[in-house]
Amino acid sequence: MKRLGPMDDRQDAADTTQEMKTRLNPKSPREALAPEQAPPLPRSRRARNPIVVVMNALVTLLVLGVVAAGALLYWGKAEFEKPGPLAEDKVVIIPADSGLARIADILETEGVIESPYDMLGHYIFIGGVRAYQQQGRLKAGEYAFPARVSMRGVMNMLVSGKAILHQITFPEGLTSQQIVNRLKQNEFLTGDIAAVPAEGTLLPETYSFTRGASRSQILEQMKAAHTKVLDQVWANRTHNLPFSEPKQLVTLASIVEKETGKADERPHVASVFLNRLEKNMRLQSDPTIIYGLVGGAGTLGRPISRADIDKSTPYNTYHINGLPPGPIANPGRAALEAVANPSNTKDLYFVADGTGGHIFAASLAEHNRNVAKWRKIEREKAAAGKVDVDTKDPDAIDLPPDSDGEAPDAKAGDPKDLLDGATPRDAAQPVLPQPKPE
């Protein structure tokens, strides 16, 4: 690089002096009238410094980069928010534990997102999600994406978790084992169940879930729902009930649940059992016989026989006094409320009326007449080939047949099969429920 010396400075001064002379001695009037030009500023030596030149170049490149980045962001935002490629609604499953890149791959493969440039839609979606800082909030599930949904719309759906909801219904009165079996059969749920929950700790209802939810998660929801409902029912119960803890209420509610499927009958059936407990009478409930024999299986698969009734188990209320040691099923809210606030009756008996309901009686004589009517209905059903698998009328078993016909003879192979006809008892000496020992 050439260095400036004293000679250069003198040359600049001479040039300036010559120009001033020219201005003082103009060659023409026009030149005389022209304004004087200011002498040029001396050029800074630093402007010619290589470091300054490089810095200027870098600043220029930086400005150009910012402008280009702004243009790219503007274009990317437009791509992120414009209508997508789907011509019609489409269901897409986002598996659990999928990261942002995996989700983008699935969406692109399924045609939910795309770009005119190969694979660019993948990166636009990832960039847009990161720009909105939503990468950690995308939820797995089964989504129904509407036609022409934008990438931003897809992101919003995944963040909100508005996935397709499936439902599973558990009827009231199922045992915990039956509930677990039903969960295992559902194809949309995942995971194993380590242990069957305790009887009477689940609330039978309809539960909604997204595809891929775990079976254990549904059980936890059922447990939480049961606890919440039981707390409410227990707090609002009639205070003269013979219960010292909520589990006893659940136990009787499970018996009521299994005895009748009619909602309007539950408070009445509950009053019968509560009246029996008050009088130290055994409950004599057929569902307790079945549970004592098969436990969580829930159903005997055949009619109850005299041998079943005579078999003593901890749950058989024909042999034990008071309540069984625990629930025999999972009662619903209505059964719990029926026991907590039963009907005000003096009834001690009930028997089927042939229409799906029951006839109630406060005296044994009245009950005998009701049983006679039921036995006639039973014979008509048997003649038509219609036989109930699990009878729900224990009192009809121990009481005499109706007066207008004899019970059919018992089969030789099974003389104690009740539906085949047991030997009739003396009508003048009906069997009474057994009182508790003093």
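Keep in mind that this is a model prediction, so the values were computed, not measured. (Residues numbered from 1 in each chain as written. Predicted model: local features only at pLDDT ≥ 70, side-chain atom pairs only at ≥ 80, totals over all residues. Heavy atoms only, no water.)

Student: Would you mind going over the overall build of the protein with me for this structure?
Tutor: Tallying secondary structure elements over the protein gives 15 helices and six strands in all. The buried share of the protein, reckoned over its 438 residues, is 39%. Across the protein, every contact between residues at least 6 apart in sequence was considered, and the portion connecting residues at least 24 apart equals 65%. A total accessible area of about 25100 Å² is found for the protein, and carbon and sulfur atoms account for 54% of it. (Helix = DSSP H or I, 4+ residues; strand = E, 2+ residues; numbered from the N terminus. Buried < 20%, exposed > 50% of the residue type's maximum accessible area, 1.4 Å probe, protein only. Contact = heavy atoms within 4.5 Å. Areas by Shrake-Rupley, 256 points an atom, 1.4 Å probe, with all protein chains shown as cover.)

Student: I would appreciate a short explanation of helix α7 (residues 176–185) in the present structure.
Tutor: In an α-helix, one turn spans 3.6 residues; hence positions three or four apart end up facing the same way. For α7, every residue scored as buried is listed here: Ser-176, Ile-179, Val-180 and Leu-183. Buried residues along α7 cover an arc of 100° about the axis, so they all sit on one side. Of the surrounding elements, those touching the buried residues of α7 are β3 (165–169) and α8 (215–235). (Arc of directions from axis to C-beta.)

Student: Would you take a moment to explain unusual backbone geometry for this structure?
Tutor: Across residues other than glycine, the phi torsion is negative in most instances, and most of the peptide bonds are trans. Unlike most non-glycine residues, Asn-280 shows phi in positive territory, near 60°. Looking at the element boundaries, Asn-280 is found in the loop between α10 (266–278) and α11 (286–294). The class of Asn-280 is partly exposed, set by a relative accessible area of 33%. A positive phi angle is found at Gln-284, which is not glycine, with a value near 50°.

Student: Looking at this structure, I do not really get the side chain of His-268. What am I missing?
Tutor: You can see His-268 is positioned in helix α10. In terms of polar contacts, His-268 uses its side chain to reach the side chain of Asp-347, at 2.5 Å. Excluding anything up to four places from it in sequence, His-268 contacts Ser-343, Thr-345, Asp-347 and Phe-360. (Polar contact = N/O pair within 3.5 Å; in protein donor to acceptor, adjacent residues only side chain to side chain.)

Student: Got a minute to help me understand the pattern of salt bridges in this structure?
Tutor: Where side chains of opposite charge bring their charged atoms close, a pairing between them can arise. The final tally for this structure, using the stated rule, is nine salt bridges. Among the salt bridges present, the one from Glu-257 reaches Arg-266, with a minimum N-O distance of 3.2 Å. Here Glu-257 and Arg-266 have matching classes, each one buried. Two residues, Glu-337 and Arg-333, come together in a salt bridge whose shortest N-O distance is 3.7 Å. Of this pair, Glu-337 and Arg-333 both sit in helix α13 (residues 333–340), separated by four residues, roughly a single helical turn. The structure contains a network of salt bridges with shared partners spanning Lys-77, Glu-81 and Arg-152. (Salt bridge = Lys/Arg side-chain N within 4 Å of Asp/Glu carboxyl O.)

Student: Honestly, the nonpolar core in this entry has me stumped. Any pointers?
Tutor: Counting residues in each nonpolar core, the largest one holds 44 residues, and the members touching the most others are Phe-170, Leu-183, Leu-249 and Leu-252. Elements that contribute at least two residues to this core include exactly α7, β4 (206–210), α8, α9 (246–259), α10 and α13. Examining the composition of this core, we find that eight residues originate from one element, α8, more than from any other. Counting residues in hydrophobic clusters, the runner-up holds 26 residues, among them Ile-103, Ile-126, Val-149 and Met-157. (Core = buried A, V, L, I, M, F, W, Y, C linked by side-chain atoms within 4.5 Å.)

Student: Sorry, what's going on with α8 here?
Tutor: Look at α8: 31 Å from first C-alpha to last across 21 residues, which is about the 30 Å you get at 1.5 Å a residue. Within the span of α8, buried status applies to Arg-215, Ile-218, Leu-219, Met-222, Ala-225, His-226, Val-229, Leu-230, Val-233 and Trp-234. Considered in projection along α8, the buried side chains sweep an arc of 155° and stay on one side of the axis. Along α8, exposed side chains directed more than 90 degrees from the buried face belong to Lys-228, Asp-231 and Ala-235. Next to the buried residues of α8 lie α7, β4, α9 and α13. (Expected span 1.5 Å × (residues − 1).)

Student: Explain the environment of Tyr-132 to me, please; I cannot follow it from the model alone.
Tutor: Inspection of the secondary structure assignment puts Tyr-132 in the loop between α5 (120–131) and β2 (141–145). Here the alpha-carbon distance between Tyr-132 and Met-155, two residues 23 residues apart in the chain, equals 9.6 Å. For Tyr-132, the residues in contact, after removing those within four places along its chain, are Lys-77, Phe-80, Glu-81, Arg-152 and Met-155.

Student: I keep staring at the environment of Asp-347 and nothing clicks. Help me out?
Tutor: Position of Asp-347 among the secondary structure elements: in the loop between α13 and β5 (349–352). Along the backbone, Asp-347 and Arg-276 are 71 residues apart, and their C-alpha atoms lie at a distance of 8.8 Å. The contact partners of Asp-347, leaving out residues within four places of it in the chain, are His-268, Ser-271, Val-272, Asn-275, Phe-360, Ala-361 and Ala-362.

By themselves, these observations are geometric and do not establish any function.
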